[in-house]
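Each chain, letter by letter, is given below.
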Amino acid sequence: MPKRENLKKILMIGSGPIIIGQAAEFDYAGTQACKAIREEGIECVLVNSNPATIMTDEGIADKVYLEPLTKEALEAIIERERPQGVLAGFGGQTGLNLAMELDEKGVLKKYGARLLGVNRDSIRKAEDREEFRTLMREIGQPVPGSIIAHGIEECRAFVRTAGYPVIIRPAYTLGGTGGGIANNDAELDVLVTSGVENSAIGQILLEESVAGWKEIEYEVMRDAKDNCITVCGMENFDPVGVHTGDSIVVAPIQTLRDREYQMLRDAALKIIRSLNIEGGCNVQFALDPLTSKYIVIEVNPRVSRSSALASKAAGYPIAKLAAKIALGYSLDELKNYVTGETSACFEPTLDYCVVKFPKWPFDKFKTASRRLGTQMKATGEVMSISRTFESALLKAITSLEIKRDGLRVPYIMKMGDDELVRKIEERDDDRIFAIAEAIRRGIDAAGRGGGAHTDTAGLFAIDNLHGITKVDKWFLGKLYRIVKMEKTLAGTGGKLDAAIIYEAEEIGFTDNEILKLSGARREVLTDIRVYNDIFPVYKMVDTCGGEFEARTPYYYSCFDAEDESRISDEEKILLVGSGPIRIGQGIEFDYCCVRGVWAIKELGYEAVIINNNPETVSTDFDTSDKLYFEALHIDDVMNVIKNERPRGVILQFGGQTSLNLAEELDRRGINILGTSFESIDLAEDRQKTADFLAALGIKTPPGFSVTTKEAAFEAVAALGYPLVVRPSYVIGGRAMQVVYTDRELLEYLTEAVSLSDDHPVLIDKYIQGKELEVDAISDGEDILIPGIMEHVERTGVHSGDSISVYPPHTAPKHVTDTLIDYTNRITRALKTCGLVNIQYAWDGDEIYVIEVNPRASRTVPIISKVTGVPMVRLAVAAMLGHKLRDSEYGTGLYKTMKLTAVKVPVFSGAKLTDVDIALGPEMKSTGEVLGIDETFEKAAYKGFLASGVQIPGGGGLYVRLRDSEKNENSLGVVRAYINEGFEVISYGGTLAYLREQGAGAAEMDAAEARRGIAEGAIKAVLDIPAAPNRPETDSFEIRRYATERNLPVLTCIDTAEAFLLAVRMKKSDEQPVYRTLAEYVGAG
Amino acid sequence: MEGLLYLEDGSLYRGKGFGASATNVGELVFNTSMTGYQGILTDPSYKGQIINMTYPLIGNYGVSEIDNQSEGIHAFGFVTRDITYRPSNRCSVMSISEWLRAQGVPGVYNVDTRAIAKKIRTEGTVKCVISTEGIAREGAQSLMESVPLRADYMKDVGVGERRILQGSALDGLPGRGLKIAVLDFGIKRGIVGGLTGRGCQAVLFPYGTTADEILAIEPDGLFLSNGPGDPEECGLGIRTAAALMGKLPIFGICMGHQVIALAAGGRTYKLKFGHRGANHGVIDLDTGKSAITSQNHSFAVDADSVRGGGMVLSHLNLNDGTVEGMRHERLPIFSVQYHPEGSPGPNDSEGLFDRFVKMVLAVKAGEWKGGADA
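Please read these numbers as outputs of a predicted model, since none were measured by experiment.

Quick word on the overall build of chain B
Thinking step 1. Along the backbone of chain B there are 9 helices and 19 strands.
Thinking step 2. Relative to the globule expectation of 21 Å for 374 residues, the C-alpha radius of gyration of chain B, 20 Å, shows essentially globular dimensions.
Thinking step 3. With the C-alpha coordinates aligned to their principal axes, the bounding extent of chain B is approximately 65 × 45 × 40 Å.
Thinking step 4. A total of 374 residues make up chain B; the buried ones form 61% of that total.
Thinking step 5. Across chain B, the fraction of contacts at a sequence separation of at least 24, relative to all contacts at a separation of at least 6, is 77%.

The structure is reproduced here in structure tokens:
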């Protein structure tokens, strides 16, 4: 049956802001779905509050509502748009939950819209633990012994018979929030309480643990004719017990015999059929390696992170096909978009091995527990493809950008045996490196055994390691092969030959690792390589193992005989992507890369992209003219350049990842398009920047670059506190801090950074004031400033974590005029070409430059969307010689739109227990939303609504202020809350201060406050801590406690002031009005 | 150990050898299955062929005592990108290399199996010399010229004499009490299991068995098995099948399907490189529904050729539109080109065995009405 009649308009629900467990994969899926809908001539209306996405950009959906994903907003939009169908399966858990609500409330029925692809019944059966279990039993699928519980008593009773360990899984949550494995009563109490609180319906599943079994996933698709296929089976390196989002995942499945594979495949098909899903679905199994018995762990009745991974791994666009199926097509009517000829009703076969490796934020969150469990902690992931598992794994490690060239990690190699065992047992993010070290020792032990026939021996024999880790011996055997190669290289004594280099390369060793291990000089390696032509070849991802000719230009490197990469005669531009999503470098850079690729194509060049993030639009098979799925390491990038010989390379859009390649590429004589390396270096080196700006008569916060503690204290003498301290070359304000005392400074210098000549620390005067941000495009002669954003929070709060406002809501004209003048002068003098982002501070008097970023920034998608100025396109055009003055957007400051846009950051605070949520110079947010309306108040209200924070109309406000904030300004804000009907509650010094100032406050100590939060007496927390990031303080604990219960926790007085606007709006009778982005922009 | 592949067009691939130290001449084909190498190697239909696996990591789960599709390996050689010396699976009793060595079959790894598959795709299946004995190009060349390929292995891979396999004794099986004559051209254990697992008694007859010999045991139905080679070489099988059409309900798989086509007066032809894998979509024209199938065939039935003989096309390959199944317009006869037993591969079409049992029962009860799914 071709597409359903009578579908003229479809509403797509997006997934909203990026949070841990719900990230860029939904931009990828949603973008594919929007395109699939429009291809059919159906109007696509999209609602998504996330401005950093490609899907909310021009050209993807017909209408975009950048509005909060609340049921009120959706109801209003449905009433206004009257779609015949609603697609919710592409918006993650957020989309599904909203669709459920709308359906239950009768909204869909009322307006004649129906859910496509999924239905309420299937969502409920898949997501409600009890219904799911009943269904599984009906169709004969095994599930572990378990109970559905709402409180601790039931759980204790269950454990009395079932015993420990048990797994706690909250119903209706993202990324396993609040779940975990309990081994004893104490852990059970904690996990059950948080699980119940995290569940949207206060329900958890308590089940017998199958920790240690193999974890296997299948991505399944089904159409209305009941045709079913599995797109990809995947096997986790980590056994059951680690969330699949935090697991190293391998595709295809490696260690199952065909019978086991088919047994689980049959089960997966049976399950999707029983759920009646029309579209895609993910089924997770646990398989007991000792008996081949299995249980069904869970089902996601929608596209997911796993389906994005499977799509990229197999070359099969699941979301696109799921959308077509939702429109009424059957699989046999659809074609394989990769071959262009064969049928979509087939199962992709891989002729390579894929490894997904998670990217964790522990480099940012020093206090966070690194142990992995059922609660996901990764912010992003990389994927790598190769002909061997070993090579795919090592490529993935390179792609992570964690400054590791292989499996050897010095701090782990220094551990004693007992410590190493503990490390392995702890199962943290470095576990695989610890296992590799154990294998190293196991090999040594076998060697010492003298003539023993085993490869490994003693404590760290492979069998023992399997016993400790439950990681399949096949994987351990692969690590063994890598470690053996390390030893072979180390044994060469620097005498490399072609055979050994080839063998090492074939299993994925990087040049750096080969050099370090062998002790050979780089020139020797290069000579042998060139003389023997030892370079990677590129092979195609074609879904069919070469059985059919494929059209998609989707490649990966490997060491093998035949190179398949077809190099066209077109002039090419290479764009370097942004790698895995991490805090400080998020989806906005993928937005810029995708727009960059489009612009390159529009300007008549072939667009070639290198990237390794499987979640994104940029790595979709039809985004660029040619996609290389590779690490963004200089060697890998150079190999692609050698192969493609592009006219130039664009580094501006991939964030700091791509920009960091500038120096190496420049040194190799590669043409960097846009701002040159020299200028990049000038902007990135703080001392050079300061000198250069001083020459222009522009102020920077006075500061010093120091390499010793003595020099640091000399700087203090010259500048005085407070100070901003940070290492040079930073990303996302990493390891940046405001220090107020000698003690804090000393602590920072000893604990947070390693001072050395190579790693200077920058000490700047802390300028307290307003922060403003300018994004500009320059063509070397003129600049265009599409818009300026003003931050709500004062300086000292990382720009990524600030609420920011377009156009500036308080800065007077003379300030913005100065910013324009400065930006003009800086870009000219720096000779930037393309995008530049400059952050300024205004202390009420002087204007300082805080940072010059000669690249795309987090705000580019926002400003592009709210002004309608296609910033990335203009930037690419400028890099390729086009002049801004010839464009329709002109030069100078672009007209100010008649709208206000408020960007509100979103934190994944509930996921990373033990991380302080207090705002500071270190970025902590994982995503953002945009509120757009006519006024600042209304836009801010929408922004807060969209961020998902609860907006109370009154109740208890728990207030703690650090000494420097005990002032009139803060008092004014507190009084305003009192006027809105809040009851102020406080403790200690703050309480005394408030009472003294006549702001009546009740008293609660930390324990009472926690109870107040739990019982609902406290509705919001205003806590400006003197010493954030200290888990031992009671204020840290209260912030955490409140965050985990989704209460607003305001840690900057400016945020509190803005939040008050939202409170007032909520209490007023005025209902928000929802309009399309085009309507807002058009009005300007 | 060195490994060498020498192709008819003169191209030479050098890799490492594994398995037995041996040299063979065969037809080089590729298989795209990601699992089930043990079932593939022991499938008698691969007799005379050298199998190039497109999935690069082979041997991961070793070799078990329960996954053979016949008594041993039939393929003449095995080509992979990489092999695992440390298999991991509870059922594994040896590594792939140990097994090939024990079975006397040469293997070559560390060659570009994707390039080889693409070559076969472009140029068609090709004659090939595989050697792990360190022979030189010249040696390979002369073997290439002196050793002919056989297209009639179906004559000797089946049972040598009649063999009775009892049906499963489990309660409630639909085929309980049915006696199915099987003309064995090299049957897979998975297919036998498809019959005996439903309670049927399977009586395996060797190649060359006549219709009268089969009718003498008074079977309730006839099954025509899979097997290696060119179906047109299966002359005695075709003659027997033709003689039994209309006398017994018949189900044929793979070679059996082709034999039915030929018996009905149709033609078969050799595909450029065949279908070998576990991922092809096949549509059932009667129901409009599709299934993912396991495939292993070099030849296909000419769609136009069978229409005159009363056969109706019932299944088509979704990729290339080739014939994947037929049924007779009146008589209780149907067949599929693909492998409903999987082994290895998906079990999606297992229901065809039930369909056969139902058909046999209906004929037995005198209730057969003909048509798509009577």
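Still more to cover.
A closer look at unusual backbone geometry
All names here are of chain A.
Thinking step 1. Put simply, tyrosine 721 and proline 722 share a cis peptide bond, and its omega is -10 degrees.
Thinking step 2. Here proline 722 shows up in the loop between α27 (709–719) and β24 (723–727).
Thinking step 3. We note that arginine 82 has phi near 50 degrees; this positive angle belongs to a residue other than glycine.
Thinking step 4. The residue arginine 82 is located in the loop between α2 (71–81) and β4 (85–87) in this model.
Thinking step 5. Given 14 C-beta atoms within a 10 Å radius, arginine 82 is considered partly exposed.
Thinking step 6. Positive phi outside glycine occurs at threonine 543, with the angle close to 70 degrees.
Thinking step 7. The topology assignment puts threonine 543 in the loop between β17 (537–540) and β18 (554–558).

A look at the domain arrangement of chain B
All names here are of chain B.
Thinking step 1. Here the domain parsing of chain B yields domain 1 (2–149) and domain 2 (154–364).
Thinking step 2. Each of domain 1 and domain 2 has a C-alpha centre, and the two are 28 Å apart.
Thinking step 3. Taken together, the contacts link 23 residues of domain 1 with 21 residues of domain 2.
Thinking step 4. Breaking the side of domain 1 that touches domain 2 down by element, the ones donating at least two residues are β3 (23–31), α1 (37–41) and α3 (113–123).
Thinking step 5. If one sorts the elements of the side of domain 1 that touches domain 2 by residue count, β3 sits on top with 3 residues.
Thinking step 6. A breakdown of the residues in the side of domain 1 that touches domain 2 according to their chemical character gives 6 nonpolar, 14 polar and 3 charged.

Thoughts on the domain arrangement of chain A
Thinking step 1. Partitioning chain A into domains gives domain 1 (9–116), domain 2 (125–357), domain 3 (367–532), domain 4 (539–674), domain 5 (682–904) and domain 6 (949–1066).
Thinking step 2. Between domain 3 of chain A and domain 6 of chain A, the C-alpha centre-to-centre distance is 49 Å.

Observations regarding the environment of Leu696(A)
Residues and elements named next belong to chain A.
Thinking step 1. The topology assignment puts leucine 696 in the loop between α26 (686–695) and β23 (703–706).
Thinking step 2. As a C-alpha pair, leucine 696 and threonine 374 span 322 residues in sequence and 54 Å in three-dimensional space.
Thinking step 3. Those residues in contact with leucine 696, other than ones at most four positions away along the chain, are Arg825, Ile826 and Ala829.

Regarding the interface of chain B and chain A
Interface size, as often reported, equals the accessible area lost upon joining of the parts.
Thinking step 1. Residue-level contacts link 42 residues of chain B with 45 residues of chain A.
Thinking step 2. Elements with a contribution of two residues or more to the side of chain B that touches chain A: α3, β15 (268–284) and β16 (290–301) of chain B.
Thinking step 3. Of the residues assigned to the side of chain B that touches chain A, the class counts are 13 nonpolar, 19 polar and 10 charged.

Thoughts on the environment of Gly796(A)
Thinking step 1. Checked against the element boundaries, Gly796(A) lands in the loop between β28 (783–791) and β29 (804–806).
Thinking step 2. Among all residues touching Gly796(A), those that are not within four sequence positions of it are Val738(A), Tyr766(A), Gly920(A) and Pro921(A).

Quick look at the pairing of strand β33 (residues 900–906) of chain A
The two faces of a sheet get side chains in turn, since along a regular strand they alternate between them.
Residue and element names in this part refer to chain A.
Thinking step 1. Counting buried residues along β33, 7 of its 7 residues qualify, which places the element largely inside the surrounding structure.
Thinking step 2. Residues Thr900, Val902, Val904 and Val906 line one face of β33 and the alternating positions Ala901, Lys903 and Pro905 line the opposite face, and both faces are buried.
Thinking step 3. As paired elements, β29 and β33 share 3 bridges and run antiparallel to each other. Its bridge partner being in β33, tyrosine 806 is matched across the sheet by alanine 901.
Thinking step 4. Here β33 runs beside strand β34 (residues 927–933); their pairing, made up of 7 bridges, is antiparallel. For alanine 901, the partnering residue across the bridge sits in β34 and is isoleucine 932.

Some thoughts on the sheet that holds strand β1 (residues 9–13) of chain A
All names here are of chain A.
Thinking step 1. Strands sit in the order β3-β2-β1-β4-β5 across an open sheet of 5 strands; the sheet is parallel. Looking at which strands have only one partner, the edges of the open sheet turn out to be β3 (63–65) and β5 (114–116). With direction set aside, neighbouring strand axes in the sheet form an average angle of 25 degrees.
Thinking step 2. Summarising the sheet, β4 and β5 pair through 3 bridges and their orientation is parallel. When the bridges of β5 are listed, glycine 85 appears paired with arginine 114.
Thinking step 3. Set on the sheet, helix α3 (residues 92–104) makes contact with β1, β4 and β5; between it and β1 the angle comes to about 125 degrees.

Some points on the packing of helix α15 (residues 431–448) of chain A against helix α16 (residues 462–469) of chain A
Residue and element names in this part refer to chain A.
Thinking step 1. Taken N-terminus to C-terminus, the directions of α15 and α16 make an angle of 155 degrees; their axes are 10 Å apart at the nearest point. When the interaxial angle is binned, α15 and α16 end up roughly antiparallel. In this structure, the crossing between α15 and α16 has a hand that is right-handed. Within the contact between the two elements, α15 uses Ile435, Ala438, Ile439 and Gly442 and α16 uses Ile462, Leu465 and Thr469.

Rules and cut-offs
- In this convention, every chain numbers its residues from 1, walking through the sequence in written order.
- The order in which chains are written sets their letters, starting at A; the order in which ligands are written sets their numbers, starting at 1.
- Predicted model: local features are reported for residues with pLDDT of at least 70 only, side-chain atom pairs are reported and counted for 80 or more only, and whole-chain, interface and lining totals are derived from all residues.
- Secondary structure elements follow DSSP: runs of H or I no shorter than four residues count as helices, runs of E no shorter than two count as strands, and numbering proceeds from the N terminus.
- Taken over C-alpha atoms, the radius of gyration is set against a globule rule of 2.2 Å times the number of residues to the power 0.38.
- For every residue, the other C-beta atoms within 10 Å of its own C-beta are counted; 20 or more classify it as buried, 12 or fewer as exposed, and values in between as partly exposed. C-beta atoms are placed from the backbone.
- Residues are scored as being in contact if the C-beta atoms we place from backbone atoms lie within 7 Å.
- Domain start and end points were adopted from an automatic or database domain assignment.
- Here the term charged refers only to Asp, Glu, Lys and Arg, the term nonpolar to Ala, Val, Leu, Ile, Met, Phe, Trp, Tyr, Cys and Pro, and the term polar to all other amino acids, Gly among them.
- For two strands to count as paired, DSSP must find a minimum of two bridges between them.
- Note on method: axes are straight lines fitted to C-alpha atoms, helices fitted across the in-contact stretch only, with angles between N-to-C directions ranging 0 to 180 degrees.
- Each angle is binned into one of four classes, with values under 35 degrees roughly parallel, values over 145 roughly antiparallel, values of 65 to 115 roughly perpendicular, and all other values oblique.
- Less than a right angle of anticlockwise turn of the near helix away from the far helix marks a crossing as left-handed, whereas a clockwise turn marks it as right-handed.

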